[in-house]
Amino acid sequence: MTKVQKSRNLYKTPFSKAYWRDAAMEMKDTRMLVFAALMIALRVALKLVYIPLAPNLKINTAFIANAMGAMVFGPVVAIVAAVASDLLGVLISGETYFLPFVLTEIAGSLIFALFLYRVKLTPTRVMLSRFCICLFVNILLQTPLMMLYYQIMMGGKLYVLTVPHILKNLFMFPIESVVLTLFLSVIQPITYRMGLTYSPDHALKFSKKQIAMLVLLFVFGSGCVVGYLGYYYDTTSLSASYTAEERYEVNCRMTDILLEETDDYDGNTLVTTVESSYQKFMGSEITYNVAVYAVDETALAGYDKDLETIRGMSKSKAKAVAEDGVMTPVGYATIVVNKKTGQVLSCECTPAA
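Presented here is a report on the structure given in the accompanying data block. Since the structure is predicted, the reported quantities are computational estimates derived from the model, not experimental observations. (Residues numbered from 1 in each chain as written. Predicted model: local features only at pLDDT ≥ 70, side-chain atom pairs only at ≥ 80, totals over all residues. Heavy atoms only, no water.)

This paragraph deals with the packing of aromatic side chains. The final tally for this structure, using the stated rule, is nine aromatic pairs. With a centroid separation of 5.7 Å and an interplanar angle of 85 degrees, the aromatic rings of Tyr11 and Tyr19 are classed as edge-to-face. Across the pair, exposure class does not vary: Tyr11 and Tyr19 are buried alike. A relative accessible area of 1% places Tyr19 in the buried class. Through successive ring pairs, a cluster of aromatic residues spans Tyr11, Tyr19, Trp20 and Tyr117. Directly above the ring of Phe63 sits Arg130, whose terminal nitrogen or CZ lies 4.4 Å from the centroid. (Phe/Tyr/Trp six-rings, centres within 6.5 Å; stacked < 30°, edge-to-face > 60°. Buried < 20%, exposed > 50% of the residue type's maximum accessible area, 1.4 Å probe, protein only. Lys NZ or Arg CZ within 6 Å of the ring centre and 35° of its normal.)

Written as structure tokens, this is what we have:
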């Protein structure tokens, strides 16, 4: 196994010929290339592993392997590893490959390498590396790439960078920074003793101020997650994630509640469709906004769908059936139910205009 004689120099910045010469030398070191291959495999595997924090909010653990690899083999090998891991990930998943997305992989690996390779590691450096990836890669670079993807691959559909997307990335930064800093504080002394890195093995030992900063970051990040969850629950309809079975069950439940609470409808022809449903964060009450229809039994007899199929439909499909003249909108209802007990807390009905 070829092990190239390399300097053990550390650099304050990556803006020097010597830094890039050392980074390029890693391509000639067989030991380093074997390590890079291991990191590529680990990175591809970890792309499928998440640490769930909340609905629609999770930590993808692949960035940890990315950071460790970039810290060891530097920016030149990191670029090659980024391309290889992106291609392998797509081949394994079977997804349609969109070449420009490799730029986000390259940019993330390069940023980690510029901050972590051949330097004296500090918690500040680790946290800055993660912040730059959240801002410059996940927000600024990924946005035009997503717009291009939607234009080419999604038939010209418009991709819009939303405030929740920006906030989610910024909210995740403190927690991901703490996770990465703690991980590298454990792994960096090991890589130093193995001769893979050159920063002293005590470099990431924390001072009291740094511990206090990490605690504050974690508290701030946790607060951001709680704030995001409040926003998420207030603005995201639960009905958007219903399966076909769940949609049918909830729609039929709303029909039963209306028949129990009012005498205004005929149970044989009544169809209700949940258009949206919201649950307050940490709350047990779910508010259902329900469209109410009356089925025309004569029109239904010659229709290609039966009553039970219609009762399991989504908002858009139910409207299409109404446009076909099979049923008529007769009202709108707002129903509040206790999720834990199933108790109906309120039921307000409004006739159709």
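Looking at the element boundaries, Asn289 is found in strand S4 (residues 285–295). Looking at Asn289, the relative accessible area reads 16%, which means it is buried. Polar side-chain contacts of Asn289 include one of 2.8 Å to the side chain of Ser276. Discounting residues that sit within four places of it in the chain, Asn289 has contacts with Thr273, Val274, Glu275, Ser276, Tyr278, Tyr332, Ala333 and Thr334. (Helix = DSSP H or I, 4+ residues; strand = E, 2+ residues; numbered from the N terminus. Polar contact = N/O pair within 3.5 Å; in protein donor to acceptor, adjacent residues only side chain to side chain. Contact = heavy atoms within 4.5 Å.)

Here the focus is the pairing of strand S5 (residues 327–338). Across eleven bridges, the pairing between S4 and S5 is antiparallel. Within S5, the position partnered with Asn289 by the bridge is Thr334. Where S5 meets strand S6 (residues 344–351), seven bridges bridge the pair, whose relative direction is antiparallel. In the strand pairing of S6, Thr334 is matched with Glu348. (Pairing = 2+ DSSP bridges.)

This part takes up the environment of Val330. Mapping Val330 onto the fold places it in strand S5. Setting aside chain neighbours within four positions, we find Val330 in contact with Tyr265, Val292, Tyr293, Ala294, Pro351 and Ala352.

To continue, consider the packing of helix H2 (residues 30–46) against helix H3 (residues 62–93). Interhelical geometry of H2 versus H3 gives an angle of 55 degrees and a closest axis separation of 7 Å. Here H2 lies oblique to H3, going by the angle between them. With respect to the hand of their crossing, H2 and H3 are arranged in right-handed fashion. Split by residue class, the contact of H2 with H3 holds 19 nonpolar, four polar and one charged. (Axes fitted to C-alpha atoms, helices over the stretch in contact; angles between N-to-C directions. Parallel < 35°, antiparallel > 145°, perpendicular 65-115°, else oblique. Left-handed = near helix turned anticlockwise from the far one by under 90°. Nonpolar A, V, L, I, M, F, W, Y, C, P; charged D, E, K, R; others polar.)

Another point: unusual backbone geometry. Of note in this structure, Arg118 is not a glycine but carries a positive phi near 55 degrees. Here Arg118 is to be found in the loop between helix H4 (102–116) and helix H5 (123–153). Take Arg118: its relative accessible area is 3%, and that puts it in the buried class.

Shape is all these values report; function is a separate question.
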